[in-house]
Amino acid sequence: MVILTLNCGSSSAKYQVYDWEKKEVLCSGVVERVTQSGSVITHKVNGEKYTVESPCPTHKEAIELILKEITDPKVGVIKDMSDVGAVGHRVLHGGDKFTKSVIITPEVLETFRSVQDLGPLHNPANIMGIEAAQKVMPNVPHCAIMDTAWHQTMPDFAYMYAIPREWYTKYAARRYGFHGTSFLYTSKRAAALLHKKPTECNLIICHLGNGASVCAVKNGVCYDTSMGITPLEGMVMGTRCGDLDPALPFYIMRKTGMTADEMDKALNKQSGMLGITTKYTDSRDIENGMKNGDELCKLAVEMQTFRLRKYIGAYKAILGHVDAIVFTAGIGEHSPLVRGKAVEGLEDLGIKMDEKKNALSNTSDIETCISADDSKTKIFVIPTDEELVMTEDAYALMSGTYDVHTKFTYSFESADYVNKARDKAYKADLAKHPELATIMVHP
């Protein structure tokens, strides 16, 4: 059976085509800078990368571009979409209606539409991806892999807000948390790298991309997370403000006459790194701006990493012992600058980075350890694989074996697990950069 997964983020669309019988990734890729200028798809197949620039003003065009690539006579892996047996879609938010992954029905899709204002950057993109794929594959099961499922283990004192009780009982206003598939994958992989059972691990996982959040993992399950009822809370992100005084929006609205919708757009789509720099959302552009002396770019990185460092310190306080700090996602995997500044000055907490190791780690194919040899807490860079979680959930939903992660065993939890798709790529990376062998970590 061939399983296609689609993961539509706020400014990207990732995909993977997986052969379940062979347990092998046939191809994978990502469309970057969706809704921005310079949209580009990077298609990976047989260890080779193919890049094509194509305008993607919305996620609809991004999905169409993905389907074109995977069926392309030269670089595609299937003849046509009839070869696909199931599709797994990442879905950001189901409110309090869905606490785990689910097969998509018209009723389920309508529920997603009814709560899309809880995830204004992602839910519309998720829904657009589902509708586009269903149009091409109307007779194939489509599964929603819920981003909030991982966070269902949070205690009530962590997920509740200090608000009128009625807001919770009538409107389900509470912390939900996101990036769940990424946290699930990286937490299980961190346990394997530590030679421990997941239930024996305390972790602080930093998922850093255009959207960013931090998760405190206690005894293998989510204990707290930085995002809230929507993905707006927490970190300074690409276009989201993150934590701020709740009175600030009211102050600006009174001063300017902005409406609630206009303020919602400003905080979600015009703030964060874009608001600080006035022109950039992409971390690569911002770091280049820093190198060229742009003071606003420097300020943006200082604010971003200052906030991240506060969360790491706070989660260390609530967890006590921490086995490992984990960095993942686009910025977490590729920015030594952000990683280094995020743990700067935390040596007294037992968190000590090796600068040389950190500088070497800049790949999405290799799991690395960048902590100093005498650091009490390990620091890992673990490339996330949300698509694999989605694939395994989709197959389990179809076969009737799916359950919450505490009662379900994923393939990547195994000590001898090998990611075949990345195996080829990391060997190529090693051939070019032998020094990577010094920071690679194996279970």
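About the cut-offs
Residues numbered from 1 in each chain as written. Predicted model: local features only at pLDDT ≥ 70, side-chain atom pairs only at ≥ 80, totals over all residues. Heavy atoms only, no water. Helix = DSSP H or I, 4+ residues; strand = E, 2+ residues; numbered from the N terminus. Buried < 20%, exposed > 50% of the residue type's maximum accessible area, 1.4 Å probe, protein only. Contact = heavy atoms within 4.5 Å. Areas by Shrake-Rupley, 256 points an atom, 1.4 Å probe, with all protein chains shown as cover. Lys, Arg positive; Asp, Glu negative; His and termini not counted. Charge placed at Lys NZ, Arg CZ, Asp CG, Glu CD. Patch = residues over 30% accessible without salt bridge, like charges linked within 9 Å, V, L, I, M, F, W, Y side chains within 5 Å. Salt bridge = Lys/Arg side-chain N within 4 Å of Asp/Glu carboxyl O. Pairing = 2+ DSSP bridges. Axes fitted to C-alpha atoms, helices over the stretch in contact; angles between N-to-C directions. Parallel < 35°, antiparallel > 145°, perpendicular 65-115°, else oblique. Left-handed = near helix turned anticlockwise from the far one by under 90°. Nonpolar A, V, L, I, M, F, W, Y, C, P; charged D, E, K, R; others polar. Core = buried A, V, L, I, M, F, W, Y, C linked by side-chain atoms within 4.5 Å. Phe/Tyr/Trp six-rings, centres within 6.5 Å; stacked < 30°, edge-to-face > 60°. Lys NZ or Arg CZ within 6 Å of the ring centre and 35° of its normal.

1. What to know about the overall build of the protein
Check the secondary structure of the protein and you find 16 helices and 14 strands. Its C-alpha atoms give the protein principal-axis dimensions of roughly 55 × 55 × 45 Å. Burial status across the protein gives 56% buried among its 443 residues. Long-range pairs, those at least 24 residues apart, make up 64% of the contacts in the protein with a sequence separation of at least 6. Here the protein has roughly 19,500 Å² of accessible surface; of this, 53% comes from carbon and sulfur atoms. Placing the 50 positive and 56 negative side-chain charges of the protein at their respective mean positions leaves the two points 2 Å apart.

2. Here we look at the environment of serine 12
Assignment of secondary structure puts serine 12 in strand E2 (residues 12-19). Residues serine 12 and asparagine 210, 198 residues apart in the sequence, show an inter-C-alpha distance of 9.1 Å. Setting aside anything within four residues of it in sequence, one finds serine 12 in contact with Asn7, Val30, Val31, Val34 and His59.

3. Considering a negative patch on the surface
A cluster of acidic side chains, namely Asp117, Asp261, Glu262 and Asp264, defines a negative patch on the protein surface. Along the chain, the position of glutamate 262 falls in helix H8 (residues 260-269).

4. Examining the pairing of strand E9 (residues 203-208)
Extensive coverage of E9 is indicated by the burial of six of its six residues. Alternating positions in E9 separate into two faces, Leu203, Ile205 and His207 on one and Ile204, Cys206 and Leu208 on the other, with burial throughout. Two strands pair when backbone bridges link them, and E9 and strand E10 (residues 212-218) are joined in this way by six bridges, in the antiparallel orientation. The residue of E10 that forms the bridge with isoleucine 204 is alanine 216. Hairpin geometry of E9 and E10 is characterised by an intervening segment of three residues between the two adjacent antiparallel strands. With five bridges connecting them, E9 and strand E12 (residues 324-328) associate as parallel partners. In the strand pairing of E12, histidine 207 is matched with threonine 328.

5. Concerning the sheet that holds strand E8 (residues 142-146)
On the basis of which strands lie adjacent, the open sheet formed by eight strands has the order E5-E4-E3-E2-E1-E6-E8-E7 and mixed pairing. For this open sheet the edge positions go to strand E5 (48-53) and strand E7 (102-103), each flanked by a neighbour on one side alone. In this structure, E7 lies alongside E8, joined through two bridges in antiparallel fashion. Bridge pairing in E8 places valine 102 opposite alanine 144.

6. Quick notes on the sheet that holds E12
Judged by pairing direction, the sheet is mixed, and its six strands sit side by side in the order E11-E10-E9-E12-E14-E13 without closing on themselves. At either end of the open sheet lies a strand with only one pairing partner, and these are strand E11 (221-225) and strand E13 (368-369). Where E10 and E11 come together, four bridges link them in antiparallel fashion. Opposite cysteine 215, over in E11, you have threonine 225 as the bridge partner. Lying over the sheet, helix H11 (residues 295-319) contacts E9, E10, E11 and E12, oriented at roughly 15° with respect to E10.

7. Here's the deal with the packing of helix H2 (residues 106-114) against helix H3 (residues 123-136)
For any two helices packed against each other, the geometry comes down to the angle between their axes and how far apart the axes lie. For the pair H2 and H3, interaxial distance at closest approach is 9 Å and the crossing angle is 155°. For the element pair H2 / H3, the angle class is roughly antiparallel. With respect to the hand of their crossing, H2 and H3 are arranged in left-handed fashion. Contacts from Leu109, Phe112 and Arg113 in H2 reach Asn123, Ile127, Ile130, Glu131 and Gln134 in H3. For the contact of H2 with H3, the per-class residue count stands at four nonpolar, two polar and two charged.

8. Re the nonpolar core
General note: in soluble globular proteins, nonpolar side chains tend to be found buried as a group. Counting 40 residues, the largest nonpolar core has Trp150, Tyr185, Leu203, Phe380, Ile382 and Phe412 as the members making the most contacts within it. Ile331, Val338, Val343 and Ile370 belong to the second-largest nonpolar core, a separate cluster that totals 31 residues.

9. Thoughts on the packing of aromatic side chains
Across all of its chains, the model carries eight aromatic pairs by this definition. Between the aromatic rings of tryptophan 20 and tyrosine 395, the centroid separation amounts to 4.0 Å while the plane-to-plane angle is 15°, which identifies the pairing as stacked. Of this pair, tryptophan 20 sits in the loop between E2 and strand E3 (24-32) while tyrosine 395 sits in helix H15 (residues 386-399), and the two are 375 residues apart along the sequence. The class of tryptophan 20 is buried, set by a relative accessible area of 12%. Here the aromatic rings of tyrosine 185 and phenylalanine 412 are separated by 4.7 Å at their centres, their planes lie at 55°, and the arrangement is tilted. Here the residue tyrosine 185 occupies a position in helix H6 (residues 180-193), and phenylalanine 412 occupies one in the loop between H15 and helix H16 (420-432), the gap between them amounting to 227 residues. Across this residue pair, the class does not change: tyrosine 185 and phenylalanine 412 are buried. Following the ring pairs from residue to residue traces out a cluster consisting of Tyr185, Tyr402, Phe408, Tyr410 and Phe412. Looking at arginine 174, its charged tip hangs above the ring of tyrosine 159, at a distance of 3.8 Å from the centre.

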